[in-house]
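# Analysis of the macromolecular model
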Amino acid sequence: MSELVALGKAGAAVRKANGEGRAALIGYLPAGFPSYDGGIDAIKAMIDGGADVLEIGLPYSDPVMDGVTIQRASEVALAHGLRTRDVLSTVEKVASYSDVPVLVMTYWNPIERYGVDRFAVDFAGIGGAGLITPDLIPDEGAEWIAAADKNDLDKVFLVSPSSTDERIRLTTSSCRGFVYATAVMGVTGAREKPSDLAPPLVARTKAVTGLPVGVGLGVSNGDQAAGIAAYADAVIVGSALVKAAADGPAAVRALTEELAEGVRREPSTAAGR
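Now for a quick tour of the structure.

This part is about the packing of helix α6 (residues 116-125) against helix α7 (residues 142-150). Helix packing for two helices is described by the angle between their axes and how far apart those axes are. Interaxial distance between α6 and α7 falls to 9 Å at its minimum, and their mutual angle equals 30 degrees. In terms of orientation, α6 lies roughly parallel with respect to α7. Crossing of α6 over α7 shows right-handed handedness. In contact with Val116, Asp117 and Ala120 of α6, α7 contributes Glu143, Trp144 and Ala147. Here the contact of α6 with α7 is composed, by residue class, of four nonpolar, no polar and two charged.

What follows is the structure, encoded as C-alpha cells:
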C-alpha cells in the first residue's frame, strides 16, 4: 500500500498541516446536539474556527468509552429521536459546506445493525471520509476493513498506553488516515493537564508506522493543545467542544479558534515530524 493511499483523506489533511510546521486540529462533536439543526451549526462553527479534520459522533445508548459530558450530549440527541440516518444527513450537510474531511466516531453496534457494506456505500456516497471505531479492534474488524477498502474510506483504530509494541504494530498496520492515541487510561473528558503517558505512546507508535499520530482525551484549551502539538501530528479535542456546543455555535467557534492558535504556536517544528 502506498503512503498516499494509506494516508486517506484525514491523513492527507493532517500531513498538510504538518507541512506548515504545526500539528493538525481535529475537533469532535456528536450529531444531534443540542438539536439536529443546532448540531450541524456547531460542527460548521468548528470548520469556521480552524479545525483541520472533523469527528462527528454517532450517539449510542451504551457509550462505554465516553465520559459524562459526551454521554449526556448523546442522551439529549437520542431523546430527540436521532437515528443513524440523521447522522448520515448531518455528515452530508457538513461535507457539502467545506472540504474539511469528515469522520464519524462510532461504536460498532450501530454500524452492524445498519449493515456494514450498506453503511460504507451510503457514507462514501455523501462525502464521508471514514470511521473511528473505539470498540472495534483490527482482529475482529475484517468485515469493516474490507468494506472500507472497497469504498476508499479511512480506518482509524486506537492505541493506548497499555498497548504492547506488538499490539501497536498490528493496529497501525490496519489503519488508514491516522492512528488515534488515547493519552489517558479511562473515559473521555477534559482534564486540567494532559497525561504524561502520551509522549512515550506517540514515540512507540511512530516507531512502527509512517502514518500521522493524533493524541486525544483530555485537551480543553489552547495551552494544552500547544503542549501536545510539540510531539504529536494532530491534537484531538472532544469534551471541551461539547461543553461549548451547549452554549451555541459562537462558543464553539471561539474555543476552536483558541485551540487552532495553540497548535500553531512556536516551536513550529514538532519533534518526530
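Alternating residues of strand β9 (residues 234-237) divide into Ala234 and Ile236 and Val235 and Val237, and every residue in both groups is buried. Judged from the two bridges that link them, strand β8 (residues 213-216) and β9 form a sheet pairing that is parallel. Bridge pairing in β9 links Val215 to Val235. In terms of handedness, the path from β8 via helix α10 (residues 222-229) over to β9 forms a crossover that is right-handed.

Here we come to the packing of helix α4 (residues 84-95) against α6. The interhelical angle for the contact between α4 and α6, taken along N-to-C directions, is 25 degrees, at an axis separation of 9 Å. In terms of orientation, α4 and α6 fall into the roughly parallel class. As α4 packs across α6, the resulting crossing turns out to be right-handed. Along its contact with α4, which presents Thr84, Leu88 and Val91, the element α6 presents Phe119, Asp122 and Phe123. A class-by-class count of the residues in the contact of α4 with α6 yields four nonpolar, one polar and one charged.

With that settled, consider α10. Among the eight residues of α10, six are classified as buried, and the element is accordingly described as predominantly covered. At its buried positions, α10 is contacted by β8, β9 and α12 (249-263). Residue Asn221 occupies the N-cap position of α10, its side-chain oxygen lying 3.1 Å from the main-chain nitrogen of Asp223.

Among the residues of α6, Val116, Phe119, Ala120 and Phe123 are the ones counted as buried. Relative to the axis of α6, the buried residues are bounded by an arc of 100 degrees and lie together on one face. Those residues of α6 hidden inside the fold are in contact with α4, β3 (102-105), α5 (108-114), β4 (130-132) and α7.

Moving on, we get to the side chain of Thr106. Tracing the backbone through its elements, the reader meets Thr106 in the loop between β3 and α5. Ignoring sequence-local partners within four residues, the contact set of Thr106 consists of Leu58, Ile111, Leu131, Ile132, Thr133, Pro134 and Asp135.

As a further point, take the packing of aromatic side chains. Geometrically, a pair of aromatic rings is defined through the distance of the ring centres and the angle of the planes. Applying the stated criterion to the full structure yields four aromatic pairs. On the numbers, 5.6 Å between centres and 35 degrees between planes, the contact of Tyr60 with Tyr107 is tilted. Of this pair, Tyr60 sits in the loop between β2 (53-57) and α3 (68-79) while Tyr107 sits in the loop between β3 and α5; the two residues are 47 residues apart in sequence, bridging distant segments of the chain. Tyr107 gets classed as buried once you look at its relative accessible area, which sits at 5%. Each residue in the set Tyr114, Phe119 and Phe123 is aromatic and connected to the rest through ring pairs, giving one cluster. Here the guanidinium or amino end of Arg118 rests over the ring plane of Tyr114, the centre of that ring lying 4.0 Å away.

Attention shifts here to the sheet that holds strand β6 (residues 158-159). Spatially, β5-β4-β3-β2-β1-β9-β8-β7-β6 is the arrangement adopted by the nine strands of the open sheet, whose pairing is parallel. Unpaired on one side and paired on the other, β5 (154-156) and β6 mark the two borders of the sheet. Pairing analysis gives four bridges linking β2 to β3, with the strands arranged parallel. Bridge pairing links Glu55 to Leu103 in β3. The strands touched by helix α2 (residues 36-49) are β1 (24-30) and β2; relative to β1, the strand with the most contacts, the crossing angle is about 170 degrees.

So, about the environment of Pro101. Relative to the helices and strands, Pro101 is located in the loop between α4 and β3. Overall, Pro101 belongs to the buried group, its relative accessible area being 11%. C-alpha of Pro101 to C-alpha of Ile236: the two residues are 135 residues apart in sequence and 14 Å apart in space.

Reading guide: rules and limits
- Residues numbered from 1 in each chain as written.
- Predicted model: local features only at pLDDT ≥ 70, side-chain atom pairs only at ≥ 80, totals over all residues.
- Heavy atoms only, no water.
- Axes fitted to C-alpha atoms, helices over the stretch in contact; angles between N-to-C directions.
- Helix = DSSP H or I, 4+ residues; strand = E, 2+ residues; numbered from the N terminus.
- Parallel < 35°, antiparallel > 145°, perpendicular 65-115°, else oblique.
- Left-handed = near helix turned anticlockwise from the far one by under 90°.
- Contact = heavy atoms within 4.5 Å.
- Nonpolar A, V, L, I, M, F, W, Y, C, P; charged D, E, K, R; others polar.
- Buried < 20%, exposed > 50% of the residue type's maximum accessible area, 1.4 Å probe, protein only.
- Pairing = 2+ DSSP bridges.
- Right-handed = clockwise from strand over helix to strand, strands pointing away.
- Polar contact = N/O pair within 3.5 Å; in protein donor to acceptor, adjacent residues only side chain to side chain.
- Arc of directions from axis to C-beta.
- Phe/Tyr/Trp six-rings, centres within 6.5 Å; stacked < 30°, edge-to-face > 60°.
- Lys NZ or Arg CZ within 6 Å of the ring centre and 35° of its normal.

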